[in-house]
Structures are given as C-alpha cells and as structure tokens.
Amino acid sequence: MPINIAIDGPSGAGKSTIARAASKRLGFIYVDTGALYRAVACHMLSRGISADDEEAVSAELAGLGEDYFSLRFIDGVQHVFCGEEDVSDKIRTPEISMGASNVSAIPAVRKYLFELQRKIARENNIIMDGRDIGTVVLPNADLKIYLTASAEERANRRFKELSAKKDCPPYDKVLADIRQRDYNDMNREIAPLKQADDAVLADTSELNFEEATELVLRLIREKIG
Ligand code: DC
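Throughout what follows, the structure given in this document is the object of discussion. (Residues numbered from 1 in each chain as written. Predicted model: local features only at pLDDT ≥ 70, side-chain atom pairs only at ≥ 80, totals over all residues. Heavy atoms only, no water.)

Looking at the sheet that holds strand E4 (residues 77-82)
Which entries qualify depends on this criterion: Any two strands with at least two DSSP-identified bridges between them are counted as paired. Each helix is a run of DSSP H or I of at least 4 residues and each strand a run of E of at least 2, with the numbering of both proceeding from the N terminus.
Here we have three strands laid out as an open sheet, ordered E3-E4-E5, and antiparallel in their pairing. Pairing within the sheet leaves two strands with one partner each, and these edge strands are strand E3 (69-74) and strand E5 (85-86). Bridging between E3 and E4 involves six bridges; their strand directions are antiparallel. Across the sheet, residue Phe69 finds its bridge partner in E4, namely Cys82.

Structure below.
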C-alpha cells in the first residue's frame, strides 16, 4: 500500500515549500492540489468566465473532458496542464490566487478534481497538500498534518516573495488578501478548510524553513518508521 501523508492549512503557511523539501528527502511524490484549482481558475479567466459565476464555471467544466486538467510529474517535479498547455508558471499570480479561491467553493469543481487526486494517492507514495486533503480527499491518510502560522507572518513571507517580482502590491494589500482567502476557504459550504480531528497541529510562525521541514520530517518518521 502506498504511503499517503496529508498536509492542510491556510494560504502562505509554507505547506508547498515544506512538503516539497520533505518529499524530496523521503523519495515521495509531492502533490500540490492548489495548482489544480489555480489551473481551473486560469482556464475560466482565459475564457472570460468570472471565477465566482457558479453556473458558467460548472457549464464550462461539463464541456471539458475528464482528463482536461492533469498533473504530470517530470523528473519528480509536478507540472499542471490545461489540455496540452503547461500552465505551471502562469498560475502564480495574485489574480489567479483569488480566482482559485473562488472556483474552489463551487461543488462541480471539487467533484471534478476529487477523483484525480484520489487516483494519484492510490498509486504513489505521496505528500499531498491542500485544504481538504485530511478531511475529504484522503480521510484514511497515514498521517495528517495541519500546518499553520499567524496571518501577519504569512503575509510577511508572501510579501517578501512578491517583492522580487514587478508590480508588487503593498504589504497591507497582501495581508488583506490573505485574510480574505482564509475567510473564503474556512467558510465555504463545501469542504471548508479545517483541521481534521486526527491531524497533528504544526504552527510555523516562529520557525524558519529548515526548522519547519525538520518538524514535518520528524512527524512523518515517527508515524511511518
Ligand atoms: O494552495 P493554493 O494557494 O495554491 O490554493 C489555491 C486555492 O485553491 C485556495 O484559495 C483554496 C483552494 N484549494 C482548495 O480549496 N482545496 C485544496 N485541496 C487546495 C486548494
């Protein structure tokens, strides 16, 4: 049986960098499920469909084949595709972040992506990160971690990342966006972000990247030996 580790938590808690590093150390595949929601948002925006228009998004999805969005692993690195287009880079903008948060509240979107995530988990040793991995996608995961940090600390980290790019928004806007996405993700009706009852809480507010990665690796090794 493949080993499945679920990591959930709010935006900017460091899930993806930490899970990627831990997966590499363990020889596991790292699956970033947020990229799928981002790819859906990217597709909708490119078609002029508003990410919060449930009816239009659902109708557009229904017209796409079930393999239209896919994750492919090239040299152990995840790439996300819309059809045959690799959109891995272009989904990392603040506009797509907000769009992904909006499409992720639409039941047809979650249903569409559910089986894809389950299939990857059935076939591989993985660390999968997202919002509902421990609660919905992999309720029987070998280990569930809820990784979080204060909103201010998460905004600090995101602001530093964005400062390297052009058109960096001011810190207050980054913090407001984080709070808005937390609210959206935690209060949506379907599969809201929350800590699973059997998840271990890991708060990284006071930890640097190496310390947080070591913490996650220790939790995994304690569990799977
Ligand atoms: O992790 P991320 O920032 O790339 O995720 C983008 C959005 O997708 C986020 O606002 C919430 C949503 N998401 C989700 O609802 N369920 C998941 N398993 C992963 C992401």
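Describing the side chain of Ser70
Quick reminder of the rule: We call a residue buried when its accessible area falls under 20% of the maximum for its residue type, exposed when it is over 50%, and partly exposed in between, using a 1.4 Å probe and counting protein chains only. Contacts: residue pairs with any heavy atoms within 4.5 Å of one another.
Its location among the elements puts Ser70 in strand E3. Under the relative-accessibility criterion, Ser70 is labelled buried at 13%. For Ser70, the contacting residues outside a window of four places in its chain are His79, Val80 and Phe81.

Regarding helix H9 (residues 209-224)
Rules: Expected helix span is given by 1.5 Å per residue-to-residue step, counting one fewer step than there are residues. N or O atoms within 3.5 Å of each other form a polar contact, as long as, within protein, one can give a hydrogen and the other can take it, and as long as residues adjacent in sequence are counted only when both atoms are side-chain atoms.
Under the 1.5 Å per step criterion, the end-to-end length of H9 is 22 Å for 16 residues, consistent within 8% with the ideal 22 Å. Within the span of H9, buried status applies to Ala212, Thr213, Leu215, Val216, Leu217, Leu219 and Ile220. The secondary structure elements touched by the buried residues of H9 are strand E1 (4-8), helix H1 (15-26), strand E6 (126-130), strand E7 (143-148) and strand E8 (200-203). Two to three positions downstream of the cap, the backbone nitrogen of Glu210 sits 3.1 Å from a side-chain oxygen, assigning the N-cap of H9 to Asn208. Positive backbone phi, at 75°, marks Gly225, one or two positions downstream of H9.

Notes on a negative patch on the surface
For the record, the criterion: Like-charged residues are merged into a patch within 9 Å and nonpolar side chains (Val, Leu, Ile, Met, Phe, Trp, Tyr) within 5 Å, provided each residue has over 30% relative accessible area and no salt bridge. In short, Shrake-Rupley with a 1.4 Å probe defines the accessible areas, and a residue's cover is counted only from the protein chains shown. For this analysis, a salt bridge means a side-chain nitrogen from Lys or Arg found within 4 Å of a carboxyl oxygen belonging to Asp or Glu. Under the counting rule used here, the positive set is Lys and Arg, the negative set is Asp and Glu, and His together with the chain ends is not counted. A charged residue contributes its charge at one atom only: NZ of Lys, CZ of Arg, CG of Asp or CD of Glu.
Taken together, the side chains of Asp52, Asp53, Glu54 and Glu55 define an acidic patch exposed on the protein surface. Along the chain, Asp52 turns up in the loop between helix H2 (34-46) and helix H3 (54-62).

Brief notes about H2
Given 3.6 residues per turn, any residue in an α-helix points the same way as the ones three and four places further on. End to end, H2 covers 18 Å across 13 residues, agreeing with the expected 18 Å (1.5 Å per residue, within 8%). Most of H2 sits out of view: 10 of its 13 residues are buried. Among the residues of H2, Ala35, Leu36, Tyr37, Arg38, Ala39, Val40, Ala41, Cys42, His43 and Met44 are the ones counted as buried. Once H2 ends, the next one or two residues include Gly48, with phi positive near 75°.

What about unusual backbone geometry?
The backbone of Asp75 shows a phi angle near 50°, a positive value even though the residue is not glycine. Mapped onto the elements, Asp75 comes out in the loop between E3 and E4. Asp75 sits in the exposed class, given a relative accessible area of 78%. A positive phi angle, near 60°, is found at Asp167, a position not held by glycine. Residue placement: Asp167 occurs in the loop between helix H7 (151-163) and helix H8 (171-187). Take Asp167: its relative accessible area is 70%, and that puts it in the exposed class.

Considering the packing of aromatic side chains
Worth spelling out the cut-off: Any two rings among Phe, Tyr and Trp, with Trp reduced to its six-membered ring, count as a pair given centres within 6.5 Å; such a pair is stacked if its planes are under 30 degrees apart, edge-to-face if over 60, and tilted if neither.
Counted by the stated rule, this structure contains three aromatic pairs. Ring geometry for Phe159 versus Tyr171: centroids 6.0 Å apart, planes at 90°, classification edge-to-face. Residue Phe159 is found in helix H7, and its partner Tyr171 is found in helix H8; the two are separated by 12 residues along the sequence. The structure contains a cluster of three or more aromatic residues connected by ring pairs, namely Tyr68, Phe69 and Tyr112.

Looking at the site of the ligand
The following threshold applies: Being near a molecule or strand, for a residue, comes down to having at least one heavy atom within 4 Å of it. In this count, Pro and Cys sit with the nonpolar residues alongside Ala, Val, Leu, Ile, Met, Phe, Trp and Tyr, while Asp, Glu, Lys and Arg are called charged and the others, Gly among them, polar.
Around the ligand lies a shell of 15 residues, among which Arg38, Arg110, Asp132, Arg181 and Arg188 are the nearest. Contact distances for the ligand include 3.0 Å between a nitrogen atom and a side-chain N or O atom of Thr33. Relative to its unbound accessible surface of 450 Å², the ligand loses 96% to contact with the protein. Where the shell around the ligand is concerned, the elements lending two or more residues are H2, helix H4 (94-103) and H8. Take the shell around the ligand: its biggest share by element is three residues, from H2. When the residues that make up the shell around the ligand are grouped by side-chain class, the tally is three nonpolar, five polar and seven charged.

A short note on the packing of H2 against H4
When two helices pack together, their arrangement is given by the angle between their axes and by how far apart the axes lie. To keep it simple, the criterion reads: To get an axis, fit a line to the C-alpha atoms, keeping to the stretch in contact for a helix; angles then go from 0 to 180 degrees between the N-to-C directions. Working definition: roughly parallel below 35 degrees, roughly antiparallel above 145 degrees, roughly perpendicular at 65 to 115 degrees, and oblique for all remaining angles.
Following both chains from N to C, one finds H2 and H4 inclined at 105°, their axes separated by 8 Å at the closest point. Put simply, H2 runs roughly perpendicular to H4. Between H2, through Tyr37, Arg38, Val40, Ala41, Cys42 and Leu45, and H4, the contact on the second element is made entirely by Glu95, Ile96, Ser97, Gly99, Ala100 and Val103. Partitioned by chemical class, the residues of the contact of H2 with H4 number eight nonpolar, two polar and two charged.

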